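# Architecture and fold: a report
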Amino acid sequence: MLTIILLSLFCVSMTVFRIMKTDTFLYAFMVWNVFLAWIPFVVASIASFFFARRAKASLSFFVLLLCWLFFFPNAPYMVTDIIHFYYTKGEISLWFDLIMFFSYSILGIFLGFLSLSYIQTLLKRWYGSIISWTFFLVVHILCGIGIYLGRTLRWNSWDILTSPHHIVIDSVQALQNTEALQFITMVTGMLLCIHLVLHALTFRHDVA
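This is a predicted model, so every value here is computed, not measured.

This paragraph deals with the overall build of the chain. For the chain, the count of helices and strands is 8 helices and 0 strands. Starting at the N terminus and ending at the C terminus, the chain contains elements arranged as α-α-α-α-α-α-α-α. Viewed in the frame of its principal axes, the chain has a C-alpha envelope of about 55 × 45 × 30 Å. The proportion of buried residues among the 208 residues of the chain is 43%. Long-range pairs, those at least 24 residues apart, make up 78% of the contacts in the chain with a sequence separation of at least 6. Summed over its atoms, the accessible surface of the chain is roughly 11900 Å², and 73% of this surface lies on carbon and sulfur atoms. Taking the average location of the 11 positive side-chain charges in the chain and that of its 8 negative ones, the two points are 15 Å from each other.

Set out below in structure tokens:
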């Protein structure tokens, strides 16, 4: 928890420094993205705290799980924010912006991985490894679709409550569009590989 907080503060401080140095709010939205990325981690932490000792899942857990699923793509979504580096106008060192976006990407990956590992641990305890790893795979596919909807079509997590019908339609159309499908496949594959590596490193550390 402490290391994630420190990384978050580092990312936000870089953005604040950039604003003060350049007198522009070009990347101020990244602070909001950090807030959104923290939501699934907080929800997963709450679920882990309250249900870690439960013998079986309850309705309240699945409510939290649904809430977590809606917001989960916001964490790894920050990896795609590096596209804004293209719009850097030389207001500050290019290295500064590159390191700032890279730091945000790492933060998003770690927040996503930790929140997913909390949920997966609970599911493994209740339903076994096959269900938990199937969930792991499905979540990454849904996350790829969610990131596409957010990055390309500009949908937000809360739009699932206000415009669920349109989001379902756009999701189905995305799976039928070659360019969209390529984007979803690449993002899903990248996140899967990164999270599997982190899982393997975590497992080795636990065993040691």
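Let us keep going from here.
This part covers the nonpolar core. In terms of nonpolar packing, the biggest core is built from 26 residues, with Phe-61, Trp-68, Leu-116, Ile-119 and Phe-135 touching the most fellow members. Listed by contribution, the elements that provide at least two residues to this core are helix H2 (29–51), helix H3 (59–71), helix H4 (94–127), helix H5 (129–151) and helix H8 (178–207). Among the elements that make up this core, the one with the highest residue count is H2 (6 residues). Apart from residues no more than four positions distant in its own chain, Trp-68 is found in contact with Pro-40, Val-43, Ala-44, Ser-115, Leu-116, Ile-119, Phe-135 and Val-139. Grouped together as the second largest cluster of nonpolar side chains are 19 residues, Tyr-27, Ile-92, Leu-107 and Leu-111 included.

The angle between the axes and the distance between the axes are what describe a pair of packed helices. With their axes 7 Å apart at the nearest point, H4 and H5 run at an angle of 150° to one another. The crossing of H4 and H5 is right-handed. For the pair formed by H4 and H5, the contact residues are Leu-116, Ile-119, Gln-120, Leu-123, Lys-124 and Tyr-127 on the first element and Ser-129, Ile-131, Ser-132, Trp-133, Phe-135, Phe-136, Val-139 and His-140 on the second. Among the residues making up the contact of H4 with H5, the classes are represented as 9 nonpolar, 4 polar and 1 charged.

Below, the discussion takes up the pattern of salt bridges. All told, the structure shown has 3 salt bridges when counted by the stated rule. For Asp-97, the salt bridge identified is with Arg-18, shortest N-O distance 2.7 Å. Of the two residues, Asp-97 sits in helix H4 while Arg-18 sits in helix H1 (residues 2–22), which places them 79 residues apart along the sequence. By the burial criterion, Asp-97 is buried, and Arg-18 matches it. Asp-81 is paired through a salt bridge with Arg-151; the nearest N and O atoms lie 2.6 Å apart.

If you trace the backbone, Ile-4 turns up in helix H1. Separated by 110 residues in sequence, Ile-4 and Leu-114 have C-alpha atoms that sit 9.9 Å apart. Apart from residues lying up to four places away in sequence, Ile-4 is in contact with Trp-38, Leu-107, Phe-110, Leu-111 and Leu-114.

For Asp-23, which is not glycine, the phi dihedral falls at a positive 60°. Even without being a glycine, Arg-154 presents a positive backbone phi close to 65°. One can find Arg-154 in the loop between H5 and helix H6 (159–162).

As a further point, take the packing of H2 against H4. Packing of H2 against H4 leaves a shortest axis separation of 9 Å and a crossing angle of 20°. Judged by the inter-axis angle, H2 sits roughly parallel to H4. Where H2 crosses over H4, the two elements pack in a sense that is left-handed. Contacts between H2 and H4 involve Met-30, Val-31, Val-34, Ala-37, Trp-38, Pro-40, Phe-41, Ala-44, Ser-45, Ala-47, Ser-48 and Phe-51 from the former and Phe-101, Tyr-104, Leu-107, Leu-111, Leu-114, Ser-115, Tyr-118, Ile-119, Leu-122 and Trp-126 from the latter.

To continue, consider the side chain of Thr-22. Checked against the element boundaries, Thr-22 lands in helix H1. By relative accessible area, Thr-22 is classed as buried at 14%. In terms of polar contacts, Thr-22 uses its side chain to reach the backbone carbonyl oxygen of Arg-18, at 2.7 Å. Reaching out from Thr-22, the side chain makes a polar contact with the side chain of Thr-24 at a distance of 2.8 Å. Leaving out residues up to four positions away in the same chain, Thr-22 has contacts with Glu-91 and Ile-92.

Criteria and cut-off values
Residues numbered from 1 in each chain as written. Predicted model: local features only at pLDDT ≥ 70, side-chain atom pairs only at ≥ 80, totals over all residues. Heavy atoms only, no water. Helix = DSSP H or I, 4+ residues; strand = E, 2+ residues; numbered from the N terminus. Buried < 20%, exposed > 50% of the residue type's maximum accessible area, 1.4 Å probe, protein only. Contact = heavy atoms within 4.5 Å. Areas by Shrake-Rupley, 256 points an atom, 1.4 Å probe, with all protein chains shown as cover. Lys, Arg positive; Asp, Glu negative; His and termini not counted. Charge placed at Lys NZ, Arg CZ, Asp CG, Glu CD. Core = buried A, V, L, I, M, F, W, Y, C linked by side-chain atoms within 4.5 Å. Axes fitted to C-alpha atoms, helices over the stretch in contact; angles between N-to-C directions. Left-handed = near helix turned anticlockwise from the far one by under 90°. Nonpolar A, V, L, I, M, F, W, Y, C, P; charged D, E, K, R; others polar. Salt bridge = Lys/Arg side-chain N within 4 Å of Asp/Glu carboxyl O. Parallel < 35°, antiparallel > 145°, perpendicular 65-115°, else oblique. Polar contact = N/O pair within 3.5 Å; in protein donor to acceptor, adjacent residues only side chain to side chain.

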